[in-house]
Amino acid sequence: GESVGLHLPTLSVQEGDNSIINCAYSNSASDYFIWYKQESGKGPQFIIDIRSNMDKRQGQRVTVLLNKTVKHLSLQIAATQPGDSAVYFCAENIAGYSTLTFGKGTMLLVSP
Amino acid sequence: GAVVSQHPSRVICKSGTSVKIECRSLDFQATTMFWYRQFPKQSLMLMATSNEGSKATYEQGVEKDKFLINHASLTLSTLTVTSAHPEDSSFYICSARPDRHRGKYQETQYFGPGTRLLVL
């Protein structure tokens with residue numbers, strides 16, 4: 001199930017389940033989005049990205065969906081594995097700017 | 001490809017000393033690099049944008065005299081925490097944006113492994 005801790009929402013799933021991590025963004029001028037995975041004590045690792053002219057993009061076991069109407073981004077992980085346990089951040093880039101703005105993150109816990 | 005390294009990975013120092021953290025892009029050139037700070041269970045907070053050959057751009061509230069940034073080459077940026085105090089203890093992460101996109105979008109950033117700073 002999903003719970004909200006003091007700082008970080010947590011999603012707990014069983015190994016083999018599909019996981020869906022959600023992200024809401026606020027700036028309608030954002031035109032590029034990235035999902036990062038961060039394991040404990042490490043730097044964020046690029047997973048998948050999507051431009052605003054697309055609404056879906058697939059990678060290996062991962063799919064990113066973009067709904068610009070409601071400013072919502074999601075990351076779907078198929079057949080979740082214990083190694084997928086980490087904190088997942090969405091990041092958005094506003095057209096014309098070089099910086100990324102990060103979401104608050106979601107901790108994914110996968111139990112065997 | 002797109003590997004970024006940071007050194008040191010962990011540092012403990014006494015209050016009042018200065019600490020230098022290096023960020024290197026190993027297999028690509030990066031005119032632009034970024035420095036972030038992260039507190040436990042929180043998101044990444046952008047501190048500054050580092051540009052090769054020009055001054056860094058600092059985010060609001062970040063003291064530029066406290067956090068000195070030097071972007072000496074297209075593969076190296078350094079962050080120096082001057083006169084460190086216990087409140088500077090944190091996880092510092094750099095990222096680099098490849099000059100050549102290699103099929104990725106221009107805004108894509110690749111991150112280093114981070115540096116854990118503890119000031120006693």
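Thresholds, definitions, all that
Residues numbered from 1 in each chain as written. Chains lettered and ligands numbered in written order. Predicted model: local features only at pLDDT ≥ 70, side-chain atom pairs only at ≥ 80, totals over all residues. Heavy atoms only, no water. Helix = DSSP H or I, 4+ residues; strand = E, 2+ residues; numbered from the N terminus. Rg over C-alpha atoms; globule rule 2.2 N^0.38 Å. Buried < 20%, exposed > 50% of the residue type's maximum accessible area, 1.4 Å probe, protein only. Areas by Shrake-Rupley, 256 points an atom, 1.4 Å probe, with all protein chains shown as cover. Lys, Arg positive; Asp, Glu negative; His and termini not counted. Charge placed at Lys NZ, Arg CZ, Asp CG, Glu CD. Pairing = 2+ DSSP bridges. Axes fitted to C-alpha atoms, helices over the stretch in contact; angles between N-to-C directions. Phe/Tyr/Trp six-rings, centres within 6.5 Å; stacked < 30°, edge-to-face > 60°. Contact = heavy atoms within 4.5 Å. Buried area = accessible area lost by both parts, 1.4 Å probe. Salt bridge = Lys/Arg side-chain N within 4 Å of Asp/Glu carboxyl O. Polar contact = N/O pair within 3.5 Å; in protein donor to acceptor, adjacent residues only side chain to side chain.

Caption draft 1: Structural context of the overall build of chain B. Helix and strand content of chain B: zero helices and eleven strands. Going from the N terminus to the C terminus, chain B shows its helices and strands as β-β-β-β-β-β-β-β-β-β-β. The globule rule puts the C-alpha radius of gyration for 120 residues at 14 Å, and the 14 Å found for chain B is close to it. With the C-alpha coordinates of chain B rotated into their principal frame, the extents come out at 45 × 30 × 25 Å. Across the 120 residues in chain B, those meeting the buried criterion constitute 52%. Accessible area of chain B: about 6000 Å², with a carbon and sulfur share of 50%. Taking the 14 positively charged and 10 negatively charged side chains of chain B as two groups, their mean positions are separated by 5 Å.

Caption draft 2: Fine view of the sheet that holds strand β8 (residues 72-77) of chain A. All names here are of chain A. Within the open sheet, the four strands sit side by side as β3-β8-β7-β6. Their pairing is antiparallel. Strand pairing shows two members of the sheet lacking a second neighbour, β3 (19-24) and β6 (56-58), which therefore form its edges. Strand-to-strand twist across the sheet, computed as the mean angle between neighbouring axes with direction ignored, equals 15°. The sheet contact formed by β3 and β8 spans six bridges and is antiparallel.

Caption draft 3: Seen up close, the sheet that holds strand β3 (residues 19-25) of chain B. All names here are of chain B. One open sheet accounts for four strands, arranged β1-β3-β8-β7; its pairing is antiparallel. Only two strands of the sheet have a single partner each, and these edge strands are β1 (4-7) and β7 (67-73). Strand after strand, the sheet turns through a mean of 15° between neighbouring axes, direction not considered. For β1 and β3, the ladder comprises four bridges, and the chain directions are antiparallel. Residue pairing for β3: Q6 is matched across the bridge by C23.

Caption draft 4: Looking closely at the packing of aromatic side chains. As enumerated under the stated definition, the model contains eleven aromatic pairs over all chains in all. Measuring from centroid to centroid gives 5.4 Å for Y36(B) and F111(B), while their planes differ by 45°, and the two rings are tilted. On the criterion of sequence distance, the pair formed by Y36(B) in strand β4 (residues 32-38) and F111(B) in strand β10 (residues 110-111) is long-range, its members being 75 residues apart. F111(B) gets classed as buried once you look at its relative accessible area, which sits at 9%. Plain terms: the ring middles of F67(B) and Y92(B) are 6.3 Å apart, the flat faces sit at 45° to each other, and that makes the pair tilted. Of the two residues, F67(B) is situated in strand β7 and Y92(B) in strand β9 (residues 90-97); the sequence distance between them amounts to 25 residues. Across the pair, Y92(B) and F67(B) agree in class, each one buried. Clustering of aromatic rings is evident, with ring pairs tying together Y36(A), F46(A), F89(A), F102(A), F28(B), Y36(B), Y110(B) and F111(B).

Caption draft 5: Structural view of the interface of chain B and chain A. With 21 residues of chain B in contact, the opposing surface of chain A contributes 24 residues. Here chain B packs against chain A, burying approximately 1900 Å² in sum over the two surfaces, 59% of which is carbon and sulfur. For the pair chain B and chain A, the number of links is one salt bridge. Close ionic contact of E107(B) with R51(A) constitutes a salt bridge, the shortest N to O distance being 3.4 Å. On inspection of chain B and its partner chain A, the count reaches six residue pairs in polar contact (both at pLDDT 80 or more). Of all the elements in the fold, those that place two or more residues in the side of chain B that touches chain A are β4, β5 (44-51), β9 and β10 of chain B.

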